[in-house]
Number of protein chains: 2
Amino acid sequence: MKKLVVTVIGLGVIGGSYAMALTAAGHTVYGTDTDPRSVREAKDRGMIADGSGEAAAFAAKSDVVVIALYPAQVKAQLAALIPHLKDGAVVTDVAGIKSDYVAEIEAMLPKGVQFVFAHPMAGREKRGIDYADSRVFKGANFILVPTERTSEQALETMRGLAEDMGFGNIMSVSAQKHDEIIAFVSQLPHAIAVALVNSDEESAETEKFIGDSYRDLTRIASINETLWSELFLGNRENLLRSISDFEAQLDRIKTVLERSDKAALEDIFRSSSARRQRYVKK
Amino acid sequence: MKKLVVTVIGLGVIGGSYAMALTAAGHTVYGTDTDPRSVREAKDRGMIADGSGEAAAFAAKSDVVVIALYPAQVKAQLAALIPHLKDGAVVTDVAGIKSDYVAEIEAMLPKGVQFVFAHPMAGREKRGIDYADSRVFKGANFILVPTERTSEQALETMRGLAEDMGFGNIMSVSAQKHDEIIAFVSQLPHAIAVALVNSDEESAETEKFIGDSYRDLTRIASINETLWSELFLGNRENLLRSISDFEAQLDRIKTVLERSDKAALEDIFRSSSARRQRYVKK
C-alpha cells in the first residue's frame, strides 16, 4: 500500500508495537505520550520518526491517527484532536470493547473524518513501552468493527495497515457481535485465570509443585488492573453470561465426579478434546 | 551416579521419555509394551537397548523397574512382576495420584523389594510413544512420595535417576499432601480447561477470534480421557474441594461485576498479579 503518515497516541505495549511495526513497514510514524520517558525510548529504539507530549501538531499532518489509550480515555482524546485533524483523516482505536462507545464517538465526528474501530488481538501481560514488541502481531487476529458511517476507503486503509503490521487474519464484525465473542474468547479466560490464582490456600509448597498446566492457565492472571477492570465493566452483561455458561460446564464435571460416573467423565473429555482440536490447529 | 540396568514397562509418552532420558544418561534400558509397534519404535529410535511384549525376563535382570502405566494397572503389573524381581530391586511408578493405592501396594511387597512412589510432573496432551520426548523433563518438578517402608538407599537411587533425566526440582511429600496439592496445581486446571472449551456455543466464528489467552487456557482441554478420568476419580474429594474454592473466587468476580465495583475488581486483579509473579518467575 501507499506509504502514510501515522501518529500513534499512547506509547504503551500496544501503541509502541504499532509504532514499531508501522515504521518497519516504511510508514512515517510519530508518537506521543504523556510520559516523556516513553517518547524518548520510542525515539531511541527507532520506533518513531519524531514525537512529544503533545498530539495536536503531529495529528494535523497525519493520514491516520491511532488512539492507543484505555477505552475510557478515547472519547476525550478524540474531542481534543478533532479541531486539528486534516480533511480525509482516518482515526482508529485499539480498544478491546466496542458496543458502549461506538455510537457516542460517531456522534462527535465532523464530516471529513473517518473513525475505524479496530481491535488488535495481541498483547502482553506487562504494560509500558519496555514490553512493546511488534512480533506479537505476527499471524494474530485483527478485528475491524465497521458501522454504517464507515467508508470502504477508510476500511481499506486500516486493512492495509493491519497487513503491514503482520496480522494474519483480518475480519469485520458488528460491535455487538465483537463484544459477545470477546467476552468468551478473551475476558472469560482472564476471569478464570485470576480466580484460579486467587483460589490457592497459599501454602508455601504450591510454588514447588507448579507444572506446565498451572503455568499456562495462569499466565494472564498477572493483569493490568486499570485496563482490565474497564474492559470487564464495559462488557459486563456478556461477560456475566459467559461466566455462567462456563460454571454450568464445571458443575457438570462436579456432578459426574460426585456420582463417580467414569463413562460420563470420559464423554466430557472426548467432547473437549474434539472441540479443542477443531478450533486450534497446532 | 552408578550406571544401572532399568526396565521401563509401558512405552507411552512418559515411559518412552523415561527410556530416552535414561539411555542418554548412560544407563542400560530395556522397554516393554503390549503394543509391539511401540517396542519396535523405541528400538528404532535408540531409546532402549532391547525390549519385547514380556516384562518378566527384563525385569529379572534390572536394578530398577519403572511401571509407566495408568494408575489402575499398577497393582496387577506389580503382582505379575514380583516373582521375577531380583533381591534389592527398586520398583517405581509415574502415577499422578497416590493416596488410594500406596498402602495396598506396600502390602504386596516381599522383603527384598523397594517401591519408590514417584510423580514426574511433565507430560504432553498427546498419547503414545510418537510423542515421547525427554526434553519435557528439563527443569521440571519430580515428586517422591516416601513412606515408612521406603529405604534411604532406594530413595537416593530414584533421586539420582531423576537428576539424570534432567528434572530441576526433586522433592518429597506424603501421599496425602501430594494428592491435595496435585488436585489444585494439575487436576483443577484440567477441569477448568475442559469446562471452558465445552462452554462455547460453538458458533462458526469462535475459531477466527481466538487469541493467545484462549489458546493457553485450553491447551490441556485436549485430554487423554482414559488416564484423566482415572486421575480425577482417584482424587475425587480433593478435586471437588479445589473446584469449590475456585468457584468461590469466580463468584467474587461475578459479585463485583454485578455491583460495577471497579475498585474491588482492581483489588482482585492486583492480588492475582502479585501471587502469579511470586509463584512463577518468568
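You'll find the structure just up there.
Residues numbered from 1 in each chain as written. Chains lettered and ligands numbered in written order. Predicted model: local features only at pLDDT ≥ 70, side-chain atom pairs only at ≥ 80, totals over all residues. Heavy atoms only, no water.

> Even after reading the chapter, I still don't get the packing of aromatic side chains, so can you show me in this structure?
A ring pair, where both rings are aromatic, is described by two values, the distance of the centres and the angle of the planes. Per the counting criterion, the structure on display carries 21 aromatic pairs over all chains. Note on A:Tyr18 and A:Phe137: the rings are 5.7 Å apart at their centroids and 85° apart in plane angle, and the pair reads as edge-to-face. Highlighted residues: A:Tyr18 in helix α1 (residues 13-24) and A:Phe137 in the loop between β6 (114-121) and β7 (141-145), separated in sequence by 119 residues. For the pair shown, A:Tyr18 and A:Phe137 are each scored as buried. For the ring pair A:Tyr214 and B:Phe184, a centre distance of 5.7 Å and an interplane angle of 55° mean the geometry is tilted. In this pair, A:Tyr214 sits in helix α9 (residues 212-218) while B:Phe184 sits in helix α7 (residues 175-198), so the two residues belong to two different chains. As far as the burial class goes, A:Tyr214 and B:Phe184 line up, both buried. Aromatic rings pair up to connect A:Tyr18, A:Phe137, A:Phe142 and A:Phe167 into one cluster. (Phe/Tyr/Trp six-rings, centres within 6.5 Å; stacked < 30°, edge-to-face > 60°. Helix = DSSP H or I, 4+ residues; strand = E, 2+ residues; numbered from the N terminus. Buried < 20%, exposed > 50% of the residue type's maximum accessible area, 1.4 Å probe, protein only.)

> How should I be thinking about the relation of the copies chain A and chain B in this particular structure?
Applying a rotation about an axis and a shift along it to one chain copy brings it onto the other copy. Superposition of chain A onto chain B requires a rotation of 180° combined with a translation of 0.0 Å along the rotation axis, giving an RMSD of 0.1 Å. The relationship between the two copies is best expressed as a two-fold rotation axis. Scanning chain A for the C-alpha nearest the rotation axis identifies A:Leu217, at a separation of 2.4 Å. Most of the interface of chain A is mirrored in chain B: 100% of its interface residues are interface residues there too. (Least-squares fit on C-alpha atoms with pLDDT ≥ 70 in both. Contact = heavy atoms within 4.5 Å.)

> Explain the interface of chain A and chain B here, please?
Interfaces are frequently sized by the accessible area removed from exposure as the parts join. Contacts between chain A and chain B engage 87 residues on the former and 87 residues on the latter. Taking both partners together, chain A and chain B bury about 8,700 Å²; carbon and sulfur atoms supply 63% of that area. Taken together, the connections running from chain A to chain B amount to six salt bridges. The interface formed by chain A and chain B includes 46 residue pairs in polar contact (both at pLDDT 80 or more). Secondary-structure elements contributing two or more residues to the side of chain A that touches chain B are β7, β8 (169-172), α7 (175-198), α8 (206-209), α9, α10 (225-234), α11 (236-258) and α12 (262-279) of chain A. Along the lines of polarity and charge, the residues of the side of chain A that touches chain B split into 38 nonpolar, 20 polar and 29 charged. (Buried area = accessible area lost by both parts, 1.4 Å probe. Salt bridge = Lys/Arg side-chain N within 4 Å of Asp/Glu carboxyl O. Polar contact = N/O pair within 3.5 Å; in protein donor to acceptor, adjacent residues only side chain to side chain. Nonpolar A, V, L, I, M, F, W, Y, C, P; charged D, E, K, R; others polar.)

> In this structure, what is going on with the environment of B:Asp35? I would like to understand it.
Residues and elements named next belong to chain B. For aspartate 35, the position within the fold is in the loop between β2 (28-32) and α2 (36-44). With relative accessibility at 31%, the residue aspartate 35 sits in the partly exposed group. Separated by 117 residues in the primary sequence, aspartate 35 and glutamate 152 place their C-alpha atoms 35 Å from one another.

> For this particular structure, what's the right way to read the pattern of salt bridges?
Residues and elements named next belong to chain A. This structure, assessed with the given rule, holds 32 salt bridges over all chains. With a shortest N-O distance of 2.5 Å, glutamate 104 and lysine 75 are connected by a salt bridge. Of this pair, glutamate 104 sits in helix α5 (residues 99-108) while lysine 75 is found in helix α4 (residues 71-81), placing the two residues 29 residues apart along the sequence. Judged by relative accessible area, lysine 75 falls into the partly exposed class, the value being 30%. In this structure, arginine 159 engages glutamate 152 in a salt bridge whose closest nitrogen and oxygen atoms are separated by 3.6 Å. Residue classification places arginine 159 among the partly exposed positions, given a relative accessible area of 22%. Ionic contacts of the salt-bridge type, sharing partners, join the residues Arg37, Glu41 and Arg45 into one network.

Shape is all these values report; function is a separate question.
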